[in-house]
There are 2 protein chains.
Amino acid sequence: MPATEPAPDEICLRAIESFHVGGEVRTLRGLPTEARRLAQGAEPRPVDPNGDHVVGQMYVQAYRLARPRHALPVLFWHGGGMTGVNWETTPDGRPGWLWRFLGAGYDVYVSDAVERGRASWARFPELYAGAPLFRTMDEAWDMFRMGPAHGYRTDPAARLAHAAQQFPVGAFDQFARQWVPRWAGHEAVTSAAYRALLDRVGPCIVVGHSQGGGFALLAAQERPESVRAVVALEPSGAPAAPPAAIPPHLIVWGDHIGDHPVWRRYRATVDAYAAVLARSGAAVESLDLPAEGVRGNSHFLMMDRNSGLIADRVLRWLDALDPRHP
Amino acid sequence: MPATEPAPDEICLRAIESFHVGGEVRTLRGLPTEARRLAQGAEPRPVDPNGDHVVGQMYVQAYRLARPRHALPVLFWHGGGMTGVNWETTPDGRPGWLWRFLGAGYDVYVSDAVERGRASWARFPELYAGAPLFRTMDEAWDMFRMGPAHGYRTDPAARLAHAAQQFPVGAFDQFARQWVPRWAGHEAVTSAAYRALLDRVGPCIVVGHSQGGGFALLAAQERPESVRAVVALEPSGAPAAPPAAIPPHLIVWGDHIGDHPVWRRYRATVDAYAAVLARSGAAVESLDLPAEGVRGNSHFLMMDRNSGLIADRVLRWLDALDPRHP
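As a starting point, this report considers the structure included with it. (Residues numbered from 1 in each chain as written. Chains lettered and ligands numbered in written order. Predicted model: local features only at pLDDT ≥ 70, side-chain atom pairs only at ≥ 80, totals over all residues. Heavy atoms only, no water.)

Along the backbone of chain A there are 7 helices and 10 strands. Since a compact globule built from 326 residues should have a radius of gyration of about 20 Å, the 21 Å found for chain A is in line with a globular shape. Taking the principal axes of the C-alpha coordinates as reference, chain A spans close to 65 × 50 × 45 Å. Expressed as a percentage of its 326 residues, the buried residues of chain A come to 63%. Across chain A, every contact between residues at least 6 apart in sequence was considered, and the portion connecting residues at least 24 apart equals 73%. Placing the 33 positive and 35 negative side-chain charges of chain A at their respective mean positions leaves the two points 1 Å apart. (Helix = DSSP H or I, 4+ residues; strand = E, 2+ residues; numbered from the N terminus. Rg over C-alpha atoms; globule rule 2.2 N^0.38 Å. Buried < 20%, exposed > 50% of the residue type's maximum accessible area, 1.4 Å probe, protein only. Contact = heavy atoms within 4.5 Å. Lys, Arg positive; Asp, Glu negative; His and termini not counted. Charge placed at Lys NZ, Arg CZ, Asp CG, Glu CD.)

Given below as structure tokens:
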């Protein structure tokens, strides 16, 4: 790989826009009213939870360049228990992929999927079926492949990291501040919101990470007229049935996948899916970073110390695509 | 008031940054492990909630101009059950105050307060004491002064709005998509996170709305070396004890306050506070829009159809301040 392009010094925008897509109004009845104090210096007032609530919407922030150099925008889709913050400044304070892709001339859309971040979430068990999951720092240290299993300690100095770890592990506690609760079983409503986003945006490139990578693979099947290329960064799953025609795919993998039983299974699922796509004639490339001599990448490739280099690798893959696509 | 300045066509940034401030690590023990399916095509895997979690952090997004025309940045603090989305595109798709204040030459910081949006939230009752509140569209229609009490209907065409309502009520359901759950009783941890933000940013101007207006009034007492001017848009409360020295304050009120029992009480609290400040020699201005002949503003002045005009009024107040301040 070549040396990393420096992040741009200045970016001129014609708009920073945000909006929500998807969601429906649901009505609650029969719940008790509570008295709560909600303002400084005020007395408690009755709060009535009965009435109309919106459920299932997704938040999107669009950065539109004054002079884009590509016809198609890039949509960044985060993973499970995350938000669009994943694509902004890295936890150790370097420019994120949002800034780098804007610098490369793409309009960029960053979303917070249903139930996460600025998308909001709904009361349970009345509107969501059950309670959310809160990822511990202990589990994340393992699942995000910062170090060996059981290598997490509350004391940052005592944690066990993989040798040559590319993630800025000194900023792991800062990274933990951006994690949000997640629900299991919301895949259908989340996919519906992504379809609503694609229907609004039109032709685009989708870059999805982890759970968002799986949603991107599915969206490429469901909306091939919109999704002109997919970049899946360590997708944690793949859809069941491959379609007849599908846009070009790049699938990127970091280090220590083979050492990790859950990631070995996730990758096997995605590798099998990629093989079926390839046999059907689709342009599918799997980029195994360690096999190219790039060692130490965590699950969060876009935050790792070599995140600029990996962004460049993705940007070059997009540049080389059939011009009918990006 | 003069005609509204048009929103700028192009804004050049040297950085879009984000970070979290505040928060502390808390450890949970003794909770049961659950089996959950978290990836497409994968088997359920055990999820262990025991371990370390971060609680009390706040999210901040900083837009830094390539060529700012003012020495101090503007910090936008949203209200209760809201996020920084309040300052972005209005629900009916017009440029928000984020874009307008960037266009006026200010660096802008937009935050999601503790427990809201991209700040994340924590498990209850283990880490937060109790359950959150979810605001209904019914209550919001009344509390945000879209129309008379009990004027909300699920059918948008059947809703009762105030005459000459400035809020784009046709986009009320879109607006409802950006509301997030809130907790009562988190004022201390939220104020601590705002202090951490001010300590990081240094001298600045704070523009706070509703509950965020109350936090801004308090922050001006607690961090007068950082908060050089406060603009409080319909603050829903005021702190108890005014300090000896305090920066200039502008407090802005929309229409139909006098018709609304809760807002009448909230405003009385803030008016009393402003009177004490003024008697102590502080520069405090209350801008009552209906008294100036500007009718029909809702609680969400920065989203109303005349939001550009109100932004201009605030910008002119800032321009006229003592140059030792902004």
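Past the structure itself, the notes keep going.
Now for helix 4 (residues 187-201) of chain B. Its 15 residues give helix 4 of chain B an end-to-end C-alpha distance of 21 Å, which sits within 8% of 21 Å, the value for a rise of 1.5 Å per residue. In the segment just after helix 4 of chain B, Gly202 of chain B is the residue with positive phi, at about 85°. (Expected span 1.5 Å × (residues − 1).)

Least-squares fitting of chain A to chain B yields an RMSD of 0.0 Å, with the transformation described by 0.0 Å of translation along the axis and a rotation of 180°. Such a turn and shift between the copies fits a two-fold axis. Comparing contact sets, 99% of the residues at the interface of chain A also lie at the interface in chain B, consistent with an isologous, same-surface contact. (Least-squares fit on C-alpha atoms with pLDDT ≥ 70 in both.)

Residues and elements named next belong to chain B. In contact at an axis separation of 10 Å, helix 4 and helix 5 (residues 211-222) are set at 55° when each is read in the N-to-C sense. Between helix 4 and helix 5, the angle falls in the class oblique. Remark: the crossing between helix 4 and helix 5 carries right-handed chirality. Residue-level inspection shows Glu187, Thr190, Ser191, Tyr194, Arg195 and Leu198 of helix 4 in contact with helix 5, the latter providing Phe215, Leu218, Ala219 and Glu222. Looking at the contact of helix 4 with helix 5 residue by residue, the classes come out as 5 nonpolar, 2 polar and 3 charged. (Axes fitted to C-alpha atoms, helices over the stretch in contact; angles between N-to-C directions. Parallel < 35°, antiparallel > 145°, perpendicular 65-115°, else oblique. Left-handed = near helix turned anticlockwise from the far one by under 90°. Nonpolar A, V, L, I, M, F, W, Y, C, P; charged D, E, K, R; others polar.)

Moving on, we get to the interface of chain A and chain B. Between chain A and chain B, the contact holds 91 residues from the first and 90 residues from the second. Buried area between chain A and chain B, summed over both chains or domains, comes out near 7,200 Å², and the portion from carbon and sulfur atoms is 51%. The interface formed by chain A and chain B contains 8 salt bridges. A salt bridge links Glu139 of chain A to Arg45 of chain B; its shortest N-O distance comes to 3.5 Å. Across the chain A-chain B interface, the total number found is 42 residue pairs in polar contact (both at pLDDT 80 or more). Here the side of chain A that touches chain B takes 15 residues from strand 1 (residues 11-28) of chain A, the largest share from any one element. Its residues assigned to classes, the side of chain A that touches chain B shows 44 nonpolar, 24 polar and 23 charged. Pairing of strand 1 of chain A with strand 1 (residues 11-28) of chain B involves 3 bridges; the strand directions are antiparallel. Each residue of the ladder has a partner; that of Leu13 of chain A, found in strand 1 of chain B, is Ile11 of chain B. (Buried area = accessible area lost by both parts, 1.4 Å probe. Salt bridge = Lys/Arg side-chain N within 4 Å of Asp/Glu carboxyl O. Polar contact = N/O pair within 3.5 Å; in protein donor to acceptor, adjacent residues only side chain to side chain. Pairing = 2+ DSSP bridges.)

The omega angle of the peptide bond from Phe124 of chain A to Pro125 of chain A is 5°, so this bond is cis rather than trans. With respect to the secondary-structure elements, Pro125 of chain A resides in the loop between strand 6 (108-112) and helix 2 (137-143). Of note, Ala164 of chain B is a non-glycine position whose phi angle comes to about 55°, a positive value. Its place among the elements puts Ala164 of chain B in the loop between helix 2 (137-143) and helix 3 (172-176).

The next thing to look at is the nonpolar core. The biggest cluster of nonpolar side chains holds 206 residues, and the ones touching the most others in it are Trp97 and Phe101 of chain A together with Trp97 and Phe101 of chain B. Those residues within four positions of Phe101 of chain B in sequence are excluded, and the remaining contacts are Val74, Phe76, Tyr106, Val108, Ala311, Val314, Leu315 and Leu318 of chain B. (Core = buried A, V, L, I, M, F, W, Y, C linked by side-chain atoms within 4.5 Å.)

Right, let's get into the environment of Tyr273 of chain B. Residue and element names in this part refer to chain B. By secondary structure assignment, the location of Tyr273 is in helix 6 (residues 261-279). Expressed as a C-alpha distance, the spacing of Tyr273 and Asn50, which sit 223 residues apart in the sequence, is 45 Å. Ignoring anything within four residues of it in the chain, the contact list for Tyr273 reads Leu217, Gln221, Ala238, Pro239, Pro242, Pro243 and Ile246. A polar side-chain atom of Tyr273 sits 2.7 Å from a polar atom in the side chain of Gln221.

Moving on: the pattern of salt bridges. Scanning all chains against the criterion turns up 38 salt bridges over all chains. Between Asp107 of chain A and Arg14 of chain A there is a salt bridge whose closest N-O contact spans 3.8 Å. With Asp107 of chain A in the loop between helix 1 (97-103) and strand 6 and Arg14 of chain A in strand 1, the pair connects residues that are 93 residues apart, well separated along the chain. Classification of Asp107 of chain A as buried rests on a relative accessible area of 10%. Between Glu88 of chain B and Arg118 of chain A there is a salt bridge whose closest N-O contact spans 3.1 Å.

Summed over all chains, the structure comprises 1 disulfide over all chains. One disulfide bridge connects Cys12 of chain A with Cys12 of chain B, the sulfur atoms lying 2.1 Å from each other. Looking down the S-S bond of the Cys12 of chain A and Cys12 of chain B bridge, the torsion is 105°, so its handedness is right-handed. Residue Cys12 of chain A is located in strand 1, and its partner Cys12 of chain B is located in strand 1; the two belong to separate chains. Pair check on accessibility: Cys12 of chain A and Cys12 of chain B agree, each one buried. (Disulfide = S-S within 2.5 Å.)

The next point concerns helix 7 (residues 307-319) of chain A. Residues and elements named next belong to chain A. Compared with the 18 Å implied by 1.5 Å per residue over 13 residues, the 18 Å span of helix 7 between its first and last C-alpha is a close match. With respect to burial, helix 7 is a largely interior element, 11 of its 13 residues being buried. Within the span of helix 7, buried status applies to Ser307, Gly308, Leu309, Ile310, Ala311, Asp312, Arg313, Val314, Leu315, Trp317 and Leu318. Residues of helix 7 that are buried make contact with helix 1, strand 7 (204-209), strand 8 (227-233), strand 9 (249-253) and strand 10 (284-288).

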